[in-house]
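Listed below are the residues making up each chain.
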Amino acid sequence: MHAPENLLADCGSCFGLCCVALPFAKSSDFAVDKAAGEPCRNLRQDSRCGIHSTLREKGFPGCTVYDCFGAGQKVSQSTFAGRDWRQQPSNSSEMFAVFPIMRDLHELLWYLADARDRDSTATLHDRLSGEYADLDALTESAPDVLRSVDVSGLRSRINELLLAASNLVRAEVTGEKKNYRGRDMIGAQLADADLRGASLRGTYLIGATLRGADLRLADLIGADLRGADLRGTDLRGSIFATQFQIDAAKGDEATRLPQSVTRPSHWA
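Nothing here was measured: the structure is a model prediction, and the numbers come from that model. (Residues numbered from 1 in each chain as written. Predicted model: local features only at pLDDT ≥ 70, side-chain atom pairs only at ≥ 80, totals over all residues. Heavy atoms only, no water.)

**Focus: the nonpolar core**
As a reminder, the rule being used: What makes a nonpolar core is a set of buried Ala, Val, Leu, Ile, Met, Phe, Trp, Tyr and Cys residues whose side-chain atoms join them at distances within 4.5 Å. Relative accessibility thresholds used throughout: buried, under 20% of the residue-type maximum; exposed, over 50%; partly exposed, between the two (1.4 Å probe, protein chains only). By the criteria applied, helices consist of DSSP H or I runs no shorter than four residues and strands consist of E runs no shorter than two, each listed in order from the N terminus. Any two residues whose heavy atoms approach within 4.5 Å are treated as being in contact.
Leu17, Trp85, Met95, Leu112, Leu135 and Leu162 are the most contacted members of the largest nonpolar core, which has 47 residues in total. Elements supplying a minimum of two residues to this core: helix H2 (71-79), helix H3 (92-116), helix H4 (125-138) and helix H6 (151-170). Ranked by the residues each element gives to this core, the list is headed by H3, at 14 residues. Setting aside residues no more than four positions away along its own chain, Leu162 makes contact with Tyr111, Leu112, Ala115, Arg201, Ile221 and Phe240. If you look at the next biggest cluster of nonpolar residues, it comprises 25 residues, including Ala188, Ala198, Leu220 and Leu230.

Here it is in C-alpha cells:
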C-alpha cells in the first residue's frame, strides 16, 4: 500500500507528545529515566527535539525508531483543537492519557489500510473498509470517549479480520510456508532463508541475521526486528510492515522494501 497521509507522523503539527506523555527507562535505547507526563530534558519550547540530529550518538536510539502513526498531530490539532498543554496546563493530563490510545487506534488503521489495499483480499474488502470507517470515526471522538475505549477488546476483534487477510495474502505463495508465530528467535541465523509467505506474527527477531533472506508476502505484524540484519533482504509485498520496525533494523541499499515504508536515513 501507499501509506495514508493521516497515518504519517507530522512532528511540526504536534506538541511533542511522545516526548512528554510516554515513560522510558534508562537502557540501551534511552540514556536516562523519564516518567510519564514528564517532559524529556531534550524537548525545546517549540516542541522540537534539541538533539534530533544526534539522538543515536547521545544514547537515545529508542527515539529514532518510535512512530506514532500520526496520532501526535491528531491529538494536538483535532482532539484538543490546537490547545498546547504548555499554554493550557489543565489540558495536559487528559491529553497525555489520550495520546497512547490514539496511537493504538492509528496503528490498527494502518494494518486495516494495508490489508484493504491488496487485490488478494478482495473477498474481505467490504469488511475491511467498514472496520476502517468505524475506527476512523472513533478517532474523531471527544477526549472522554477516547479514554473509555477498550483498546484490548478492539485489537482482539480486528485481529481476527487481519489474520484472515494475512492468510489470503500469504496464500499467493505456493507450497509449505514457515510458521514462526510468537517464537523466540532472538539472534537466529536466517541468512538467505526462504521465508516467502511466512508467519512472523509477534516473532522475536532481535539481532537476528536475515541478510539476503526472502520475506516477500510474509506477515510481519508485531515482529520485533530491533537490530536485525536486513542487508539485501527482500521485503516486497510483506504485509503489516511498519516504519518503526524497519527503522529499528539494519539494512543497506540492497534491501528491498514494501511501498508503505521508506528507507531509513541512518542505513546509509
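Next comes the rest of the account.
**Quick word on the packing of aromatic side chains**
Geometrically, a pair of aromatic rings is defined through the distance of the ring centres and the angle of the planes. Applied cut-off: Only centres within 6.5 Å qualify two rings of Phe, Tyr or Trp (six-membered ring in Trp) as a pair; their planes then separate them into stacked at under 30 degrees, edge-to-face at over 60, and tilted for everything else.
On inspection of all chains with the given rule, the structure shows 6 aromatic pairs. Aromatic pair Phe24 and Phe60: ring centres 6.4 Å apart, planes at 80 degrees, arrangement edge-to-face. Of this pair, Phe24 sits in the segment before helix H1 (61-64) while Phe60 sits in the segment before H1, and the two are 36 residues apart along the sequence. Just as Phe24 is buried, Phe60 falls in that class too. Judged by centre distance (5.7 Å) and plane angle (70 degrees), the ring pair of Trp85 and Phe96 falls under edge-to-face.

**Topic: the side chain of Ser141**
Threshold: What qualifies as a polar contact is a pair of N or O atoms within 3.5 Å, subject to a donor-acceptor requirement within protein and to the restriction that residues adjacent in sequence count only when both atoms come from side chains.
Following the sequence through the fold, Ser141 ends up in the loop between H4 and helix H5 (143-147). You can call Ser141 buried: its relative accessible area is 18%. Among the polar contacts made by the side chain of Ser141, one reaches the main-chain carbonyl oxygen of Leu138 at a distance of 2.8 Å. Excluding residues within four positions of it along the chain, Ser141 makes contact with Thr79 and Leu146.

**As for the pattern of salt bridges**
The following threshold applies: Salt bridges are defined by distance alone: a side-chain nitrogen of Lys or Arg within 4 Å of a carboxyl oxygen of Asp or Glu.
This model, assessed by the stated rule, comprises 19 salt bridges. For Arg226, the salt bridge is made with Asp29, and the minimal N-O distance between the two is 3.9 Å. Of the two residues, Arg226 is situated in the loop between H6 and helix H7 (243-248) and Asp29 in the segment before H1; the sequence distance between them amounts to 197 residues. For Arg256, the salt bridge is made with Asp234, and the minimal N-O distance between the two is 3.9 Å. Of this pair, Arg256 sits in the segment after H7 while Asp234 sits in the loop between H6 and H7, and the two are 22 residues apart along the sequence. In this structure, a network of salt bridges that share partners links the residues Asp194, Arg196, Asp214, Arg216, Asp234, Arg236 and Arg256.

**Notes on H3**
Note the cut-off: To estimate how far a helix should reach, multiply one less than its number of residues by 1.5 Å.
Over its 25 residues, H3 runs 36 Å from end to end, which matches the ideal 36 Å to within 8%, given 1.5 Å per residue. In terms of residue burial, H3 counts as a mostly covered element, since 19 of its 25 residues are buried.

**Description of the environment of Leu190**
With respect to the secondary-structure elements, Leu190 resides in the loop between H6 and H7. In sequence terms Leu190 and Arg211 are 21 residues apart; their C-alpha atoms lie 7.3 Å from each other.

**A look at the packing of H2 against H3**
Basically, it comes down to this: What counts as an axis is a line fitted to C-alpha atoms, over the stretch in contact for a helix, and the angles between N-to-C directions run from 0 to 180 degrees. When an angle is under 35 degrees it counts as roughly parallel; over 145 it counts as roughly antiparallel; between 65 and 115 it counts as roughly perpendicular; any other value is oblique. Take the far helix as the reference: if the near one is turned anticlockwise from it by less than a right angle, the crossing is left-handed, and if turned clockwise, right-handed. Gly is put with the polar residues, along with every residue not named as nonpolar or charged; the nonpolar set is Ala, Val, Leu, Ile, Met, Phe, Trp, Tyr, Cys and Pro, and the charged set is Asp, Glu, Lys and Arg.
Relative orientation of the contacting elements H2 and H3 amounts to 125 degrees, with a least axis distance of 8 Å. When the axes of H2 and H3 are compared, the pair comes out oblique. Helix-helix and strand crossings are classified by hand; for H2 and H3 the assignment is right-handed. Each of Ala71, Gly72, Lys74, Val75 and Thr79 in H2 lies in contact with H3, whose residues at this interface are Met95, Val98, Phe99, Met102, Arg103 and His106. Among the residues forming the contact of H2 with H3, the class breakdown is 6 nonpolar, 3 polar and 2 charged.

**So, the environment of Ala137**
The topology assignment puts Ala137 in helix H4. As a C-alpha pair, Ala137 and Ala193 span 56 residues in sequence and 42 Å in three-dimensional space.

**So, H6**
Since one α-helical turn is 3.6 residues long, residues separated by three or four positions face the same way. As a reminder of what qualifies: Note on bend: at a given residue it equals the angle between the axes fitted to the 7 residues ending there and to the 7 starting there.
Taking 1.5 Å as the rise per residue, H6 with 20 residues should run 28 Å; its terminal C-alpha atoms sit 27 Å apart, in good agreement. By the largest-angle criterion, Asn159 marks the main kink of H6, which is about 30 degrees.

**Examining the side chain of Asp224**
The residue Asp224 is located in the loop between H6 and H7 in this model. With residues up to four places along the chain from it excluded, the contact list for Asp224 reads Thr203, Tyr204, Leu205 and Ile206.

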